[in-house]
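Here is how the chains run, residue by residue.
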Amino acid sequence: MASISKVSILDYFNIVFEGENGKIESNCKACGTRIQAKRSVTSNFVTHLKRKHQAMYDEFVKRKDMKREAYSSGSLHNFTSANGGGIRYAHAHPISITTTTGGGMGTGETGGGGGGGVTKFDRHDPRQVLISEAIAKMIVRDLQPASVVENQGFRELLQLLEPRYTPESRRYLQTQLLPAYAYQAQLATRQALATAHALSLSLDVWRPPPGSHTGYLGVTCHFLTSDWLMRSALLACLPLAVGVSGNRALTDFDEVCLAHGVTGRAFRIVADAFPPGATARRPCCLPGFHIDNNGRAEEEEEEEEEEEEEEGDIADNLETRNHTGRSERGEDGGWEDSWEQGLGACRVDCFSRSLDHCVREGLYSCPQLSSPLSKAACFYNYITAAVPSEKLSQVFDGPDGVIRGPGSCPPIMRDWAAQLKVLRRLLDSVDFLEEVSGRGELALSAPERALLRELTDILEPFTEAWDMVHGDKQAERQADRLVPISLALPCVLGLRKHLSETPAPPHCPALLVSLAQAVERRLAPILEDPLYVTATTLDPQFKLSWSSNPDWHRQVLLAELTKHSPGSSPVDPNMELRSQAQTPPSSAPSPVSPLSRPCKLFSFIKQRPTAQAKSLDQELAVYLREEPTDEEPLHYWRRKAIDFPLLAQVAKRAFTIPASGTLVESIFNSAGHCLRPERGCVLPKNLETLIYLKANYRLLWT
């Protein structure tokens, strides 16, 4: 067989620097683009060639194919020669193939008995790189340990799908491939933040579950690009040891901000007043409403029992704080003090979590709800398993309905809003469902129906507010979807009005009272907060149409706008003391046309009057005179920034504050549910890297 020179993707790049641990920097020979990577991880080079220089990429793939064909033809020639030229023997007996399990390298040509061999991919082969990348994406999306690549069943599946692929080792994934992807995400994030016009941060703390020794601190940045597009990126997922102080967590937070160049630039920091007590809290669910999803109803019931115990502890702690001003528990008290002092006036509560807490307090104030909800769930589990799907589609067919026919299972309903929609569909068609199911012992009695109907009616506006904040998008796809806090104030006014006008229900009066108290304690302060007044008024669909005292709110708005308009003092003095603010460089003035200069040649042209800049008060007056519009706020301000430049500067900041939770928060909830040590699950050693990559998945792989 004729010798063929080695084909490498690096043939299309000029290496200009080579550092420690195999790190290299290369320039593309075609366009000169600088690319950083490791010599052992060349996916960056392959991706650049495929996206920017298709002809060169096709040439590279063709050369690799020619090399493989040459090796294959040579192996086949040797094989047939050894058998007297009889190719029939090769077809009569399958080729025996073995894989290398060491470090993922090698060109293993092996043959069992009289069989031939299959040429393995070189590590830099495009097909090898793409398969390795797909495996890494699977591990990240499912939060799987890297050891899954060494499972025998997984390797047999790879062998069946692509015999030429050389499986990578767990060590290679943990020490090289996943860190390389994390490094790419960090570079992309820093580059985007360097030109961001406005940004806010979110802090999410996941306290370790029982039996674990490490929690995590997630730092998410929400920033506005130059063309008024909102983006979110997880800056870091930091491990927190058990017993770590709040001051230590704040020190880690400062280091993350410094590393990403956002120190002092955050307009607001969305964070709880202090982290939850012991474990990560999953979203609130209807008590007793356990949907059977592959045998998980029993697990949810155990979780709910644990959650009820936590509710009692939290209620006791709240009562203690109301009397003493702080928790008697030393750890939480230290967290609360350092959290409040460290973040200062720039800290705001997450509206989504506050809304969830209100519903949680209301549900757990009515223990009589558990039994009817449990019976309704049993009835739903039965009909979805026994009734044909074509009949169920008349009831549960729709974007917010859940249906399970024979051989299929419904999606997991992990929060009270999704469960409430199913319950409402069930109650609306309960007579029809009882008729087609034929199970009288599971039928809901009249008092039970009345109780559940009261529950759905009272919580209906809360469900609408939840949908406005979260929408109907899955958590995996909402990394760049940010709901601004301008929705918070109108939602609170609507909930207040609904609770005040609803008559006392005969079956569950405690629910209405508890919800009203929770709204007043957790959400009512929003109505007097200048930040929320400003954000809601700058939302073109609201302006001051919600206000019962427009003159007073206009004065509050002017004071807030003056404070945050260009040239004012820093937003948060505490953040200014902790670090010096970094301000983006001012843009150069636009060149003046020579036609605008006065001269005799154009003396016949009437001189334009000198345009005077509008004051903040004048801009606000013109803005409020316009009729409200349903236009999305960021689209509106991108179009109107030239007409209201001063208001636009404040709007840029206000609309970076999210009203909904972050993507990493939902990942923490999933990790806390699926990776519990007491259930025999093993937390991956590189879990923080997996969480970081999962939250920034769209940044890398879309």
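Computed from a predicted model, the values in this text were never measured in an experiment. (Residues numbered from 1 in each chain as written. Predicted model: local features only at pLDDT ≥ 70, side-chain atom pairs only at ≥ 80, totals over all residues. Heavy atoms only, no water.)

(A) Structural view of the overall build of the protein. Within the protein one finds 26 helices and eight strands. Looking at the protein as a whole, 48% of its 702 residues are labelled buried. Nonlocal contacts in the protein, meaning residues at least 24 apart in sequence, comprise 71% of its contacts between residues at least 6 apart. For the protein, the accessible area works out to roughly 34,300 Å², and carbon and sulfur atoms hold 52% of it. (Helix = DSSP H or I, 4+ residues; strand = E, 2+ residues; numbered from the N terminus. Buried < 20%, exposed > 50% of the residue type's maximum accessible area, 1.4 Å probe, protein only. Contact = heavy atoms within 4.5 Å. Areas by Shrake-Rupley, 256 points an atom, 1.4 Å probe, with all protein chains shown as cover.)

(B) Geometry of the packing of aromatic side chains. Counting across every chain of the model gives twelve aromatic pairs. A centroid spacing of 6.3 Å and a plane angle of 70° characterise the contact between Trp-637 and Phe-644, whose relative ring orientation is edge-to-face. Among the aromatic residues, ring-to-ring pairing joins Tyr-623, Tyr-636, Trp-637 and Phe-644 into one connected group. For Arg-141, the ring lying beneath its charged end belongs to Tyr-697, and the centroid distance is 4.7 Å. Arg-268 extends its terminal NZ or CZ atom over the ring of Phe-267, reaching a point 4.6 Å from the ring centre. (Phe/Tyr/Trp six-rings, centres within 6.5 Å; stacked < 30°, edge-to-face > 60°. Lys NZ or Arg CZ within 6 Å of the ring centre and 35° of its normal.)

(C) Looking closely at a nonpolar patch on the surface. A contiguous nonpolar patch, built from Leu-157, Leu-160 and Leu-161 and spanning about 350 Å² of accessible area, is present on the exposed surface. Here Leu-161 is to be found in helix α5 (residues 152–161). The exposure class assigned to Leu-161 is exposed, which follows from its relative accessible area of 60%. (Patch = residues over 30% accessible without salt bridge, like charges linked within 9 Å, V, L, I, M, F, W, Y side chains within 5 Å. Salt bridge = Lys/Arg side-chain N within 4 Å of Asp/Glu carboxyl O.)

(D) Fine view of the sheet that holds strand β2 (residues 23–28). Taken together, the three strands give an open sheet; going across it, the order is β1-β2-β3, and neighbouring strands pair in antiparallel fashion. The sheet is open, and its two edges are formed by β1 (13–18) and β3 (34–38), each paired on a single side. Looking at each pair of strands side by side, their axes are set apart by 30° on average, direction ignored. By the bridge criterion, five bridges tie β1 to β2 in an arrangement that is antiparallel. Following the sheet pairing, Phe-17 is matched in β2 by Glu-25. (Pairing = 2+ DSSP bridges. Axes fitted to C-alpha atoms, helices over the stretch in contact; angles between N-to-C directions.)

(E) Focus on the confidence of the model for the protein. Here the protein shows a mean pLDDT of 75. Residues at 70 or above account for 68%. Predicted confidence is poor over residues 305–331, with pLDDT under 50, and the contacts of this stretch with residues over four places away or in other chains come to 33 contacts. Under a pLDDT of 50 for its full length, residues 399–412 has, in the predicted model, 31 contacts with residues more than four places off or in other chains. (pLDDT = per-residue confidence, 0-100.)

(F) Local environment of the sheet that holds strand β8 (residues 347–348). Ordered by their spatial adjacency, five strands build an open sheet running β6-β5-β4-β7-β8, and the pairing between neighbours is mixed. Both edges of this open sheet fall to β6 (230–241) and β8, since each of them pairs with a single strand only. Bridge count between strand β4 (residues 198–206) and strand β7 (residues 266–270): three bridges; the pairing is parallel. Across the sheet, the residue bridging to Leu-199 is Ala-266, located in β7. Relative to the sheet, helix α7 (residues 246–259) contacts β4, β5 (214–224), β6 and β7, its axis offset from that of β6 by approximately 140°.

(G) Up close: the packing of helix α11 (residues 370–386) against helix α15 (residues 446–470). Here α11 crosses α15 at 100°, and the two axes come no closer than 10 Å. One element, α11, and the other, α15, form an angle in the roughly perpendicular class. Of α15, the residues touching α11 (which contributes Pro-372, Leu-373, Lys-375 and Ala-376) are Glu-448, Leu-451, Leu-452 and Leu-455. By residue class, the composition of the contact of α11 with α15 is six nonpolar, no polar and two charged. (Parallel < 35°, antiparallel > 145°, perpendicular 65-115°, else oblique. Nonpolar A, V, L, I, M, F, W, Y, C, P; charged D, E, K, R; others polar.)

(H) Main features of the pattern of salt bridges. Scanning the model with the defined rule gives 22 salt bridges in all. When the shortest N-O distance is used, the salt bridge between Arg-123 and Glu-168 registers 2.9 Å. Taken as a pair, Arg-123 in the loop between α3 (88–92) and α4 (126–142) and Glu-168 in the loop between α5 and α6 (170–194) lie far apart in primary sequence, 45 residues in all. An identical accessibility class is assigned to Arg-123 and Glu-168; each is buried.

(I) Up close: the nonpolar core. One finds Phe-351, Trp-416, Leu-423, Leu-455, Phe-462 and Leu-523 to be the most contacted residues of the largest nonpolar core, which totals 72 residues. At nine residues, α15 tops the list of elements feeding residues into this core. The residues touching Leu-523, leaving out its near neighbours within four places in the chain, are Phe-351, Ser-354, Leu-355, Cys-358, Val-492, Leu-495 and Ala-518. Within the second largest apolar cluster, 39 residues are counted, among which are Val-149, Leu-177, Val-664 and Ile-691. (Core = buried A, V, L, I, M, F, W, Y, C linked by side-chain atoms within 4.5 Å.)

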